[in-house]
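# Geometric and topological summary
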Amino acid sequence: MPPIPTAAESGERIEPLLSVRDLRVVFELDEGTVRAVDGVSFDVRPGQVVGIVGESGCGKSVTMKAILQLIETPGRITRGEILYRQNSTRPRVIDLARLRPRGALMRALRGAEIALIPQEPMAAFSPVHTVGQQIIEAIMLHASRHPDGRAISRHDARAMTIELLRDVGISMPEQRVDAYSWQLSGGLRQRAMIAMALSCRPRLLIADEPTTAIDVTTQAQILALLRELQRKYDTAIIFITHDLGVIAQMAHYVVVMYLGSVMEEGPVDEIFHAPKHPYTKALLRSIPSLYGETRTTLPVIAGALPHPFNRPAGCPFQPRCDQVIPQRCAHAVPRLQPVGPRQQASCFLYHDLAKPA
Amino acid sequence: MTSITAEIVPPLLDVRELRKYFPISKGCFRRVVGHVRAVDDVSFTVAEGETLGLVGESGCGKTTVSRAILRAIDPTAGQVLYRTREGKVVDLATMSGAELKALRREIQMIFQDPFGSLNPRMTLLDNVGEPLLVNGMRSRRERTERVAELLRLVGLRPEFMHRFPHAFSGGQRQRIGIARALATSPRLLVADEPVSALDVSVQAQVLNLLLELQSRLRLTFIFVAHDLSVVRHISDRVAVMYVGQLVELAPTEAVFARPRHPYTAALMRAVPVPDPRIAVGDAILKGEVPSPAAPPSGCYFHPRCRFAEDRCRREAPLLREVDPGHFARCHFAEQLSLSQAA
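Cut-offs and rules
- Along each chain, residue indices are assigned from 1 in the same order as the chain's sequence is written.
- Here every chain gets a letter starting at A, and every ligand a number starting at 1, in the order they are written.
- Local features are withheld for residues below a pLDDT of 70 in this predicted model, meaning they are given only at 70 or higher, and side-chain atom pairs are given and counted only at 80 or more; totals for whole chains, interfaces and linings count all residues.
- By definition, any uninterrupted DSSP run of H or I lasting at least four residues is a helix, any uninterrupted run of E lasting at least two residues is a strand, and each is numbered from the N terminus.
- Here a helix's expected span is defined as the number of its residues, less one, multiplied by 1.5 Å.
- Any residue with 12 or fewer other C-beta atoms within 10 Å of its own C-beta is exposed, any with 20 or more is buried, and the rest are partly exposed; the C-beta atoms used are placed from the backbone.
- Residues are scored as being in contact if the C-beta atoms we place from backbone atoms lie within 7 Å.
- Nonpolar residues are Ala, Val, Leu, Ile, Met, Phe, Trp, Tyr, Cys and Pro. Charged residues are Asp, Glu, Lys and Arg, and all others, Gly as well, are polar.
- Pairing between strands requires that DSSP locate at least two bridges from one strand to the other.
- Every axis in this analysis is a line fitted to C-alpha atoms, fitted for helices over the stretch in contact. Angles between the N-to-C directions lie between 0 and 180 degrees.
- Throughout, the arc means that of the directions going from the helix axis to the C-beta atoms.
- Joined through C-beta atoms within 7 Å, a set of buried Ala, Val, Leu, Ile, Met, Phe, Trp, Tyr and Cys residues constitutes a nonpolar core.

### Some points on helix α9 (residues 216-233) of chain A
Given 3.6 residues per helical turn, the α-helix brings residues three or four places apart onto the same face. Compared with an ideal rise of 1.5 Å per residue, which puts 18 residues at 26 Å, α9(A) spans 26 Å between its outermost C-alpha atoms and is within 8% of the ideal. Every buried residue belonging to α9(A) is among A:Val216, A:Thr217, A:Thr218, A:Gln219, A:Ala220, A:Gln221, A:Ile222, A:Leu223, A:Leu226, A:Leu229 and A:Gln230, and all of these are buried. If you follow the buried residues of α9(A), they end up packed against β3 (49-53), α8 (186-198), β7 (204-208), β8 (236-241) and α10 (244-250) of chain A together with α9 (262-270) of chain B. Downstream of α9(A) by one or two residues, A:Asp234 has phi in the positive range, about 55 degrees.

### Description of the interface of chain A and chain B
Contacts between the two partners involve 40 residues from chain A and, on the opposite side, 39 residues from chain B. Sorting elements by how many residues they give to the side of chain A that touches chain B places α9(A) first, with eight residues. In terms of residue class, the side of chain A that touches chain B is made up of 21 nonpolar, 14 polar and five charged.

### Quick look at the sheet that holds strand β7 (residues 188-192) of chain B
Sheet strands line up and pair through hydrogen bonds in the backbone, either parallel or antiparallel. Residues and elements named next belong to chain B. With respect to topology, eight strands assemble into an open sheet ordered β6-β7-β8-β3-β9-β10-β12-β11, the strand pairing being mixed. At either end of the open sheet lies a strand with only one pairing partner, and these are β6 (107-110) and β11 (320-323). Within the sheet, the average angular offset between the axes of one strand and its neighbour, ignoring direction, is 25 degrees. Bridging between strand β3 (residues 51-55) and strand β8 (residues 220-225) involves five bridges; their strand directions are parallel.

### Regarding helix α4 (residues 140-153) of chain B
All names here are of chain B. If you check α4, its first and last C-alpha atoms are 20 Å apart, about what 14 residues at 1.5 Å a residue would give, namely 20 Å. Buried within α4 we find Arg-143, Val-147, Leu-150 and Leu-151. For α4, the arc enclosing every buried residue in end-on projection is 95 degrees, short of the 170-degree limit, so these residues lie on one face. Residues of α4 that are exposed and angled more than 90 degrees away from the buried face: Arg-141, Glu-142, Glu-145 and Arg-152. For α4, the secondary structure elements touched by its buried residues are α3 (124-134) and α5 (170-182). Looking at the residues trailing α4, positive phi occurs at Gly-155, about 85 degrees.

### Thoughts on the environment of A:Ala36
Its location among the elements puts A:Ala36 in strand β2 (residues 32-44). Residues contacting A:Ala36, with those up to four places away along its chain left out, are A:Val25, A:Val26, A:Phe27, A:Gly59, A:Val62, A:Gly75 and A:Gly260.

### Structural notes on the nonpolar core
Side chains that are nonpolar tend, in soluble globular proteins, to be buried together. Core analysis: the biggest nonpolar cluster contains 196 residues, and A:Val50, A:Ile206 and B:Phe223 have the highest contact counts within it. Here this core gets eight residues from one element, more than from any other, and that element is α8(A). In this structure B:Phe223 touches B:Thr51, B:Leu52, B:Gly53, B:Leu54, B:Ala191, B:Val231, B:Ile234 and B:Ser235, once residues within four positions along its chain are discounted.

### Remarks on the sheet that holds β2(A)
Residues and elements named next belong to chain A. Spatially, the four strands line up as an open sheet ordered β2-β1-β4-β5, and their pairing is antiparallel. Two strands bound the open sheet, and with one partner strand each, they are β2 and β5 (92-95). Along the sheet, successive strands turn relative to each other by an average axial angle of 15 degrees, direction set aside. When strand β4 (residues 75-86) meets β5, the two strands line up antiparallel, connected through four bridges. Bridge pairing in β5 places Arg-85 opposite Val-93. Sheet strands touched by helix α2 (residues 60-67): β1 (18-29), β2 and β4. Its angle to β2, the strand with the most contacts, is close to 70 degrees.

The structure is reproduced here in structure tokens:
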């Protein structure tokens, strides 16, 4: 069932868990500067699944890496805030963008409060340690005490790991805990990865294309598992994908990105049934349907994604847009503005507010 | 089962009981201890001008079938009957290398990875022109003219021919790959996941190009893919594979309107629909694809099938014609009412 948003899932009044504000990430290369993320803002509320969707080069993965402070040189965050509301004894707001990537606080948050499910579990797991060893290590590193204050022993961590593996639907977890990642099938490996990401009960889970490398029937199993675990633990998820089908089935709220900017964002139903931005509309039209007429000419988006060094002037989508306003779109960058009760778009068709240069 | 579409003219391609077993060897003398039945008794035909979509999950043998047709690998058994331009029917599976060489011009391949399938050190002229050179077009001027024509055909500017592949985007590179496949004026094109590495907006452009080229050049396609919505969009008929076998083969509309094999139905239900109002079915297929080295008894799908009965465990079903032109490998193909919504 597509989740009907509860108050927690859609409610604007709840304080966001994460607020990305005007984030900018640039990569300074010899050939020039790539503005990989160019002023991106969005919120994630507790228990909400936010889908970030876009084609390659849209900045969705770099945004994810910025939140985790995992951007490699020569990339760096040059502007903006990533406000994370930490739930310690006294709630406080931390700007992740200001933290040192290898500093103690960032390392305490990463993996414990903000966890990642990567795209390629094969590359993410160490091949020379068992899956169990790696999950036990994560538990020992971040959760050194039981809720009642007793220290967690290695033996306890192992028992917890077996429970986690059972939780994510791995049969015979007592044996699988001692398996190496390469002994597991693609689906089991991704389940083990999910178990590892959930091992410290994170409040925010970032899933970066978690089912892209997986077959369609296994993908359906993994998506169902993520939905079930999300409900059970009320974890907030940032779900990054290029697959509009996956987004429609998983997200409560959708952020559509193109060339490092947010084109449109809103609740999932509005994005799919009342899209406002010409890019969102064109993207939805261009996917072949399981129900429509076959062997017809598909509506396409003209042109190709521009090279990152060769960004168009004005609105990034303007050269490919079928509703371009000649005197306006190439001369200024539209700002992300409300276009409905809960929907926002950066497009001059709906307002005339430009981004400050 | 000999012919699947009744025609007076023999089909362009007639694959009969194709098998490809890979040996599993063990120990220091590499003793053969078993076989991976990558392709196990696959038969189908492809009519001229038609697109056959070959779908299945990884390891189902779809790529092995396409490679056996191209004779990139030698099949273990079976026939691949191909009707040449002259109207002669030949068996590609047993042909010698020299005989095959002349036919390679007529059967070409479009690859999945537009980045890996082009030589980065060669300009487009050399990349696209190489098949022409190999096939005896010695004059560089002639080749230049033909490459310009090919680039125009796939929607690229002829001036691009002096550039190198790195200067192009993924979609453009896939167009270059298509131009190269078309260089020798082939009749049959085997496309292995040609759009799965492309972005959504570019995928539609390439699908449109393939459809347009097909009607213009009267091409025949074998379109191997895992994405059902893409396969449905481009194919006239669809063949579904599971653990090395065909489990269903039928006209596209028939398969999608009323699948006759529970696996096909499960595959269709598993596709995430890009509409939040359409819920994915709760009946998600359980378990995993069995290994083709040790397939289950009886029907290979029975351990995951929710309709499985005792007979399915004991007796392997045959691929049989359930409706005219609609083949399914299931004991209960007539009784089950499967649809996308089921």
